[in-house]
Amino acid sequence: MSATLEPANLSAIFKAYDVRGLVGEQLDETLAHRIGSAFVEVTGARTVVVGHDMRPSSPGMAGAFADGAAEAGADVVLIGLASTDQLYFASGHLGHPGAMFTASHNPAAYNGIKMCRAGAAPIGMETGLAEIRDAVASGRAPAAGQVGNISNHDVLEAYAAHLLALAPVTGRRLKVVADAGNGMAGLTAPAVFERIGRDQVELVPMYFELDGTFPHHEANPIEPDNLVDLQKRVLAEDADIGLAFDGDADRCFLVDENGRLVSPSTLTALIAARELAREPGSTVIHNLITSRAVPLIVSELGGTPVRTRVGHSYIKATMAETDAIFGGEHSGHFYFRDFWRADSGMLAALHALAALAETDRSLSQLLADYERFVASGEINSTVEDQAAVLAALEQEYAGQPGVTIDHLDGLSVTHADWWFNVRASNTEPLLRLNAEGEDEETMTRVRDAVLTVIRSGK
């Protein structure tokens, strides 16, 4: 048995929603092969769709996974280089379970696998990933039988056409700067923007060269340092909008014409408004650390806001239960009912472009309607005894006038003028704080008071 197949190693790389680890040390083609077989064993798939990103190790691992799946009796459709939402499109469009080889925004030394059932239904630790891990750990070889066929299928043009059918961009011409971060948006953005047409959008590409070593900056736009190049370029080009994608292009962040980063909560509210205009009265999902503006705006527009825990498996499950039209997370993930409830950074970007093209206002003017509160952003603190600190926070705020407390995900404390949430990291000794207030002074006061308790180690 390869060292990478030892149970301790598997526990380290099988995460809540995917597989992810250091190439060679934790994840290699031998393990990818076994995961391919286990995937077919657990899901019962007769056909599997497989895509991969631009990391140097991705093609070999995707091929090994495909061989393992075929040896377990499944046919395999290889879509080649792809964004994660392109893999979700293939799963939904073709009606097969899928596997995407990517480590998303992680540094070059990492790789991973995101898996789904047919129709892009998520596979997480509670919905099949634990069984796949255990099947790999067992070391069982697939039962002897007919080996599946491996074929190639290009879905890029069909993917672009589907997105633009959901969010057509018409109206005034826009100048758009897009930073792919040397990730997969370097493949998908040209296909999408060529279909929009150069008479509608002037695209200024940044770092579109596919390079899994990330020579310019990490493809992780939630970190402000990785957006500096885009912000400067938007100003230099006098562009209408900037788009930043992560490595596998399932997340998108916006920069306005002034070079200012747009909160994902603001984009959530904008897209929710567009979707509710299309289907009045629909349900919109938001996780519990998006801005309070999101449920307020959804309610004002006649929709039904539903609050969930953080994490795509919770969002997708709640969307299925409620038939929600749309869901948004603070982390830049946006989920669409008509995209098989999967997340798509490119589709979110198209909604922003469509909304902007339909008005003569600048992006900052357009989004002012959706920005009502001041947020702290996520602040991480190293805390060894997380439970003790959470208990101290609850004791501090319980019983205060006008305060309510809930434990949907960590500790949430809510007041008419402010709220905060503190959650423990699943993988590190960290507590994550998000706070919001009706103005800067209120948010700062609440943020600093909570951090004092957290960092005192009580």
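Residues numbered from 1 in each chain as written. Predicted model: local features only at pLDDT ≥ 70, side-chain atom pairs only at ≥ 80, totals over all residues. Heavy atoms only, no water.

Caption draft 1: Structural context of the overall build of the chain. Regarding its fold elements, the chain presents 15 helices and 23 strands. Its C-alpha radius of gyration of 22 Å places the chain within 12% of the 23 Å reference for a compact globule of 458 residues. For the chain, the spread of C-alpha atoms along the three principal axes comes to 65 × 60 × 45 Å. Considering the chain as a whole, with its 458 residues, one finds that 56% of them fall into the buried category. Contacts spanning at least 24 positions in sequence make up 70% of the contacts within the chain whose residues lie at least 6 apart. Within the structure as shown, the chain displays about 17,500 Å² of accessible surface, and the carbon and sulfur contribution to it stands at 49%. The positive charge centre, built from 34 side chains, and the negative charge centre, built from 61, are 2 Å apart in the chain. (Helix = DSSP H or I, 4+ residues; strand = E, 2+ residues; numbered from the N terminus. Rg over C-alpha atoms; globule rule 2.2 N^0.38 Å. Buried < 20%, exposed > 50% of the residue type's maximum accessible area, 1.4 Å probe, protein only. Contact = heavy atoms within 4.5 Å. Areas by Shrake-Rupley, 256 points an atom, 1.4 Å probe, with all protein chains shown as cover. Lys, Arg positive; Asp, Glu negative; His and termini not counted. Charge placed at Lys NZ, Arg CZ, Asp CG, Glu CD.)

Caption draft 2: Up close: the environment of G303. Counting through the fold element by element, G303 comes out in the loop between helix 10 (293-300) and strand 14 (304-308). Residue G303 is classed as buried on the basis of its relative accessible area, which comes to 12%. Along the primary structure G303 and A354 are separated by 51 residues, whereas in three dimensions their C-alpha atoms are 21 Å apart.

Caption draft 3: Fine view of a negative patch on the surface. Side chains of E438, D439, E440 and E441 sit close together on the surface and give a patch of like negative charge. Following the sequence through the fold, E438 ends up in the loop between strand 23 (430-437) and helix 15 (440-456). For E438, a relative accessible area of 42% translates into the label partly exposed. (Patch = residues over 30% accessible without salt bridge, like charges linked within 9 Å, V, L, I, M, F, W, Y side chains within 5 Å. Salt bridge = Lys/Arg side-chain N within 4 Å of Asp/Glu carboxyl O.)

Caption draft 4: Region of interest: the sheet that holds strand 17 (residues 342-343). The five strands lie next to each other as 14-13-15-16-17, forming an open sheet whose pairing is mixed. On the outer flanks of this sheet lie strand 14 and strand 17, each paired with one strand and no other. The sheet contact formed by strand 16 (residues 334-336) and strand 17 spans two bridges and is antiparallel. Looking across to strand 17, one finds that Y335 is bridged to D343. (Pairing = 2+ DSSP bridges.)

Caption draft 5: Here's a closer look at empty space enclosed by the protein. Taken as a whole, this structure holds one cavity of 30 Å³ or more when the rule is applied. As a volume, the largest cavity reaches approximately 40 Å³. In this structure, the largest cavity is lined by D179, A180, G181, H217, E218, A219, N220, P221, N226, A244 and F245. Of the residues belonging to the lining of the largest cavity, the class tally is five nonpolar, four polar and two charged. (1 Å grid on protein atoms, 1.4 Å probe; cavity = no way out; pocket = protein on both sides within 12 Å on 5 of 7 lines; lining within 4 Å. Points joined across faces, edges and corners; volume = space filled by probe spheres on them. Nonpolar A, V, L, I, M, F, W, Y, C, P; charged D, E, K, R; others polar.)

Caption draft 6: Summary view of the packing of aromatic side chains. Enumeration over the complete set of coordinates arrives at nine aromatic pairs. Centre to centre, the rings of Y397 and F420 are 5.0 Å apart; their planes meet at 65 degrees, and the pair counts as edge-to-face. In this pair, Y397 is assigned in helix 14 (residues 386-397) and F420 in strand 22 (residues 418-424), connecting sequence segments 23 residues apart. Looking at Y397, the relative accessible area reads 7%, which means it is buried. On the accessibility criterion, F420 (0% relative accessible area) is buried. (Phe/Tyr/Trp six-rings, centres within 6.5 Å; stacked < 30°, edge-to-face > 60°.)

Caption draft 7: Seen up close, the environment of A167. Following the sequence through the fold, A167 ends up in the loop between helix 6 (156-166) and strand 8 (174-179). Taking C-alpha positions, A167 is 9.8 Å from R274, a pair spaced 107 residues apart along the chain. Apart from the residues lying within four places of it in its own chain, the contact partners of A167 are L347, L350 and H351.

Caption draft 8: Molecular detail of the nonpolar core. Of all hydrophobic cores here, the largest spans 71 residues; its most connected members are V192, F193, I241, L243, F339 and L350. No other element matches helix 12 (residues 345-357), which puts 11 residues into this core. Excluding anything up to four places from it in sequence, I241 contacts K175, V176, V177, V234, L254, V255, A352, L353, L356 and L363. If you look at the next biggest cluster of nonpolar residues, it comprises 32 residues, including V40, A66, A70 and A99. (Core = buried A, V, L, I, M, F, W, Y, C linked by side-chain atoms within 4.5 Å.)

Caption draft 9: Spotlight on the packing of helix 2 (residues 29-43) against helix 5 (residues 125-138). Between helix 2 and helix 5, the shortest axis-to-axis distance is 8 Å and the interhelical angle comes to 125 degrees. It follows that helix 2 is oblique to helix 5 by the angle criterion. Crossing angle aside, the handedness with which helix 2 passes helix 5 is right-handed. Residues L31, R34, I35, A38, F39, E41 and V42 of helix 2 pack against G128, E131, I132, A135 and V136 of helix 5. In terms of residue class, the contact of helix 2 with helix 5 is built from eight nonpolar, one polar and three charged. (Axes fitted to C-alpha atoms, helices over the stretch in contact; angles between N-to-C directions. Parallel < 35°, antiparallel > 145°, perpendicular 65-115°, else oblique. Left-handed = near helix turned anticlockwise from the far one by under 90°.)

Caption draft 10: Structural detail: the side chain of Q86. By the secondary structure assignment, Q86 is in helix 4 (residues 84-94). Residue classification places Q86 among the buried positions, given a relative accessible area of 1%. Beyond its immediate chain neighbours, meaning those up to four positions away, Q86 contacts I79, L81, V155, L156, Y159, L187 and T188.

Caption draft 11: The pairing of strand 14, seen in detail. Bridging between strand 13 (residues 283-287) and strand 14 involves five bridges; their strand directions are parallel. Paired with N287 across the strands is T308, a residue of strand 14.

What is shown is where atoms sit, not what they do.
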